[in-house]
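This is what each chain is made of:
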Amino acid sequence: MKRTIKVKGLTLGEGAPKICVPMVGRTTPQLMEEARLLKTLDLDLVEWRVDYFEQVEDILQVKEALNNIRSVLTDTPLIFTFRSAKEGGEREISHADYINLNMEISQTGKVDLVDVELFNEEKDVKTLINVAHSHNVLVIVSNHDFEKTPPKEEIVSRLRRAQELGGDLPKIAVMPKTNEDVLTMLDATNTMYEKYADRPFITISMGQKGAITRVAGFGSALTFGAAKVGSAPGQIAVNELRTMLNLLNQ
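Everything numeric in this text was worked out from a predicted model, so none of it was measured. (Residues numbered from 1 in each chain as written. Predicted model: local features only at pLDDT ≥ 70, side-chain atom pairs only at ≥ 80, totals over all residues. Heavy atoms only, no water.)

### Brief notes about helix α8 (residues 238-249)
Line of reasoning, step 1. Helix length check: α8, at 12 residues, gives a terminal C-alpha distance of 16 Å against a target of 16 Å (1.5 Å per residue), a fit within 8%.
Line of reasoning, step 2. Listed in full, the buried residues belonging to α8 are Val-238, Leu-241, Arg-242 and Leu-245. Each buried residue of α8 sits inside an arc of 100 degrees when the element is viewed along its axis, so together they form one side. Seen from the open side of α8, the exposed residues pointing more than 90 degrees away from its buried face are Glu-240 and Leu-247.
Line of reasoning, step 3. Structurally, α8 contributes buried residues whose contacts are with β3 (18-23), α7 (213-216), β10 (222-226) and β11 (236-237). (Helix = DSSP H or I, 4+ residues; strand = E, 2+ residues; numbered from the N terminus. Expected span 1.5 Å × (residues − 1). Buried < 20%, exposed > 50% of the residue type's maximum accessible area, 1.4 Å probe, protein only. Arc of directions from axis to C-beta. Contact = heavy atoms within 4.5 Å.)

### Description of the UniProt feature "active site" (unreviewed entry) in the chain
Line of reasoning, step 1. Listed under "active site" (unreviewed entry) in the UniProt record, and renumbered for this structure, are His-144 and Lys-171. A maximum C-alpha distance of 8.4 Å among these annotated residues, which run over 28 residues, shows that they cluster at one spot.
Line of reasoning, step 2. Mapped onto the elements, His-144 comes out in strand β7 (residues 138-145).
Line of reasoning, step 3. Note on His-144: relative accessible area 8%, which makes it buried.
Line of reasoning, step 4. For His-144, the residues in contact, after removing those within four places along its chain, are Arg-83, Glu-87, Lys-171 and Ala-173.
Line of reasoning, step 5. Only 3.4 Å separates the side chain of His-144 from the side chain of Arg-83, close enough to count as a polar contact.
Line of reasoning, step 6. With respect to the helices and strands, the residue Lys-171 is situated in strand β8 (residues 169-174). (UniProt positions renumbered as here; feature names shortened; annotations may be inferred. Polar contact = N/O pair within 3.5 Å; in protein donor to acceptor, adjacent residues only side chain to side chain.)

Pasting the structure below:
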């Protein structure tokens, strides 16, 4: 039986895909403006993409910004994500800083989930998962390919690996070049859901071609929408996304 996970009363893995909206402010005032806007929208989770934050290498500034975000988004499930440049993020930091950043934030009690990239050293992925879990923080184990769509078997393999490592929410996002690539992602999602998943997971085909995967579900538990500026190609405005999800899941 596929288990669900609960985050601040929100259940992932049942019903329609839940909507997450990213915060991409570069400064604390920009983040506060975003937070106040997001508080007015019909969303389920917020993701702070801290790789956009200009002071990301100053852990004290990151924690202060996080406290400010939490002062506005008090009850909204919050994902903390540093997306590396090699996986489509805004910047690169040292491997040591990446590990330390995620460990420090997991220990604050201010976030509900952290995103850990699958293609780190296995021991580091497991360490970050263990630290997060010891502080009641869930972990998304993710992989992003902005260049192509891997074969179905590879997509399923990466999701299964994220699950085996202990990720609470395996995730993969890929870039389609053809309509067939989009069908490959939907087929991989269905196969993962029907044969291998024992927990919720996230699959996304990015860009305009892949937009259907953001609403179709096929087993994916979470989808990403945009408020003003998206964090990945193909994100749909959150209000339009909610309307489409409601229509498809009535």
